[in-house]
Amino acid sequence: MNQYLVVGIVFLVIIALLATNKKVVETLKNIYKIEELRKRVIYTIGLLLVYRLGSFIVLPGINPNALGEGSALASQLEGNGLLGLLNVFSGGAFGNAAIFALGVMPYITASIVIQLAGMMIPAVQKLQKEGESGRRKMNQWTRLLTIVVLVLQGPAYIANLYHQVPNAFVYGNSFGFIAYATTILIAGTMFVMWLGEKITDKGIGNGISLIIMIGIVARLPHALLAEVNARFQTSTGSAIMLILELVLLFLVFMATIALVQAVRKVPVQYAKRIVGNKQYGGVRQYIPLKMNAANVMPIIFAQALMFIPVLFTGTKFAAAFSTMTGFWYNFTLAVLVIAFTYFYTAIIINPQMMADDMKRNGGFIPGVKPGKQTVNYIDTIMTRITLPGSIFLAIVAILPALAMKFLGVQQAFAYFYGGTSLLIMVGVVLDTLKQIESYLLMRHYDGLMKTGRIQGRH
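Residues numbered from 1 in each chain as written. Predicted model: local features only at pLDDT ≥ 70, side-chain atom pairs only at ≥ 80, totals over all residues. Heavy atoms only, no water.

Another aspect to go through is the overall build of the protein. Within the protein one finds 20 helices and five strands. Accessible surface, the protein as shown: approximately 24,500 Å² in total, 66% of it carbon and sulfur. (Helix = DSSP H or I, 4+ residues; strand = E, 2+ residues; numbered from the N terminus. Areas by Shrake-Rupley, 256 points an atom, 1.4 Å probe, with all protein chains shown as cover.)

What follows is the structure, encoded as structure tokens:
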């Protein structure tokens with residue numbers, strides 16, 4: 001009972017701190033006063049609860065009692081980094097064999113493919129520039145590609161489930177079962193996508209991102225309880241190590257927030273123009289170049305490549321990359337993250353296009369000639385700020401392994417020390433707070449921070 005008591009005390013302390021903070025209480029009152037904001041928050045919470053409910057509805061024909069702790073599936077999710085990560089993103093639905101088992105990851109995969117196609121295929125680039133009609137067409141392509149991905153992933157998921165826990169299949173693994181189970185998985189993912197779109201339209205924040213974040217956060221109490229259990233099984237130093245872990249986790253969160261919000265402001269001066277009786281331009285603005293423009297994508301790409309050595313099972317090459325706490329695994333992961341950060345930043349940040357847009361609108365960077373010199377200037381700045389950003393991102397990527405190896409943190413809890421989970425949580429929370437803050441400021445209420453603005457969000 002000591003373990004449960006510690007977890008309860010931790011959450012009670014957090015609630016008490018929030019309750020005694022006058023700024024937080026006042027902000028909650030202001031949110032409730034604004035009818036539109038109140039309805040959007042309640043609507044968002046309601047749809048997120050629907051998503052969490054679907055994460056526990058098991059596929060018809062699957063015995064949920066055979067999927068618990070100690071099963072081959074649970075062992076596979078703990079030992080396989082990729083499948084374990086998918087289970088974290090789905091909030092446990094992947095391991096529960098739920099109707100939402102595949103979550104939104106097929107949609108994310110399709111979105112990445114369409115995004116990369118828009119960067120490399122001229123026809124898709126042209127479609128992206130067609131405004132609202134082009135955006136609707138791209139969304140339609142993404143949905144169709146999502147169904148194609150689901151048609152491939154659905155049977156693969158069923159096959160892996162049958163290989164791990166064949167006794168869970170009440171009616172066997174016939175073709176008919178695979179067909180209707182795959183259909184349910186497809187419908188489940190499409191319904192989750194619909195929930196995400198409704199949250200985006202009528203709720204607060206980006207719906208798909210919020211769904212992923214809720215899936216990650218839902219695993220936190222279980223992971224924290226498992227960590228407390230592991231700490232109290234040792235003879236000495238349990239409470240001290242647990243406190244040290246939580247303090248380090250807080251510092252990691254603060255450093256990640258600084259990484260996500262860090263920008264380099266490039267001043268841009270616009271020439272004065274007089275149109276009729278009005279004057280345009282003549283003011284100085286800024287181009288905010290993010291230090292981590294690639295966001296979480298480099299880690300996703302790098303982790304996907306890190307599972308290639310597993311295909312060469314039985315070789316020394318595969319053995320060197322078989323554990324996520326090994327030196328060569330983390331060294332290679334860090335190098336890949338740095339390389340992909342430069343690659344992805346070069347794709348999404350186009351200095352030539354930025355220079356052309358400035359020249360077209362009568363803008364220029366003070367002290368830099370328009371044209372090629374402006375392109376070189378922006379490219380040089382991006383190269384310089386991407387280096388520390390990529391190194392910091394590489395450190396974030398290997399932090400879970402470092403926490404496991406040097407602090408003895410359990411794998412489930414170590415996911416919150418870095419990697420995609422940490423970056424997604426920080427990014428989504430900041431974007432959601434930014435939207436809530438904009439509603440408060442529009443109604444002449446104070447923002448979420450003492451200064452009235454979230455730092456770094458201008």
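Continuing now.
Moving on, we get to the side chain of T256. Examined against the element boundaries, T256 turns out to sit in helix 13 (residues 238–261). The residues touching T256, leaving out its near neighbours within four places in the chain, are L422, L423 and V426. (Contact = heavy atoms within 4.5 Å.)

Grouped together as the largest cluster of nonpolar side chains are 85 residues, with contacts concentrated most on I62 and Y157. Discounting chain neighbours no more than four positions away, the residues touching Y157 are A93, F94, A97, A101, L102 and L185. By size, the runner-up hydrophobic cluster in this structure holds 12 residues, among which are I287, L289, I381 and I385. (Core = buried A, V, L, I, M, F, W, Y, C linked by side-chain atoms within 4.5 Å. Buried < 20%, exposed > 50% of the residue type's maximum accessible area, 1.4 Å probe, protein only.)

This part takes up the layout of surface pockets. Approximately 1,400 Å³ is the volume found for the second largest pocket. What lines the second largest pocket is a set of 44 residues, among which I108, S111, N206, I208 and S209 lie closest to the centre. Elements that contribute at least two residues to the lining of the second largest pocket include exactly helix 7 (105–120), helix 9 (132–164), helix 10 (175–202), helix 11 (207–217), helix 14 (297–305), helix 16 (327–348) and helix 20 (419–442). When residues of the lining of the second largest pocket are assigned to their parent elements, the largest contribution, seven residues, is made by helix 7. (1 Å grid on protein atoms, 1.4 Å probe; cavity = no way out; pocket = protein on both sides within 12 Å on 5 of 7 lines; lining within 4 Å. Points joined across faces, edges and corners; volume = space filled by probe spheres on them.)

Turning to the packing of helix 3 (residues 35–54) against helix 20, a few remarks are in order. Here helix 3 crosses helix 20 at 160 degrees, and the two axes come no closer than 10 Å. Between helix 3 and helix 20, the crossing angle belongs to the class labelled roughly antiparallel. For the crossing formed where helix 3 meets helix 20, the hand is left-handed. Along its contact with helix 3, which presents E36, L37 and R40, the element helix 20 presents I436, Y439 and L440. Residues of the contact of helix 3 with helix 20, tallied by class, amount to four nonpolar, no polar and two charged. (Axes fitted to C-alpha atoms, helices over the stretch in contact; angles between N-to-C directions. Parallel < 35°, antiparallel > 145°, perpendicular 65-115°, else oblique. Left-handed = near helix turned anticlockwise from the far one by under 90°. Nonpolar A, V, L, I, M, F, W, Y, C, P; charged D, E, K, R; others polar.)

Per the stated rule, a full pass over the model turns up four salt bridges. Note that E197 and R143 form a salt bridge whose closest N and O atoms lie 2.7 Å from each other. Of the two residues, E197 sits in helix 10 while R143 sits in helix 9, which places them 54 residues apart along the sequence. Across the salt bridge formed by D357 and R360, the nearest N and O atoms sit 2.7 Å from each other. One end of the pair, D357, and the other, R360, are both in helix 17 (residues 351–360), three residues apart, so they sit about a helical turn from each other. (Salt bridge = Lys/Arg side-chain N within 4 Å of Asp/Glu carboxyl O.)

Averaged over every residue, the pLDDT of the protein is 78; the share at 70 or more is 79%. Per-residue pLDDT, averaged within each element of the protein, yields its smallest value for helix 1 (residues 2–20) (51) and its largest for helix 10 (91). (pLDDT = per-residue confidence, 0-100.)

Along the polypeptide, N96 turns up in helix 6 (residues 93–96). With a relative accessible area of 27%, N96 lands in the partly exposed category. Taking the C-alpha atoms as reference, N96 lies 6.7 Å from L67; in sequence the two are 29 residues apart. The residues touching N96, leaving out its near neighbours within four places in the chain, are S55, F56, V58 and L67. Within the structure, the side chain of N96 is placed 3.3 Å from the backbone oxygen of S55, a separation counted as a polar contact. (Polar contact = N/O pair within 3.5 Å; in protein donor to acceptor, adjacent residues only side chain to side chain.)

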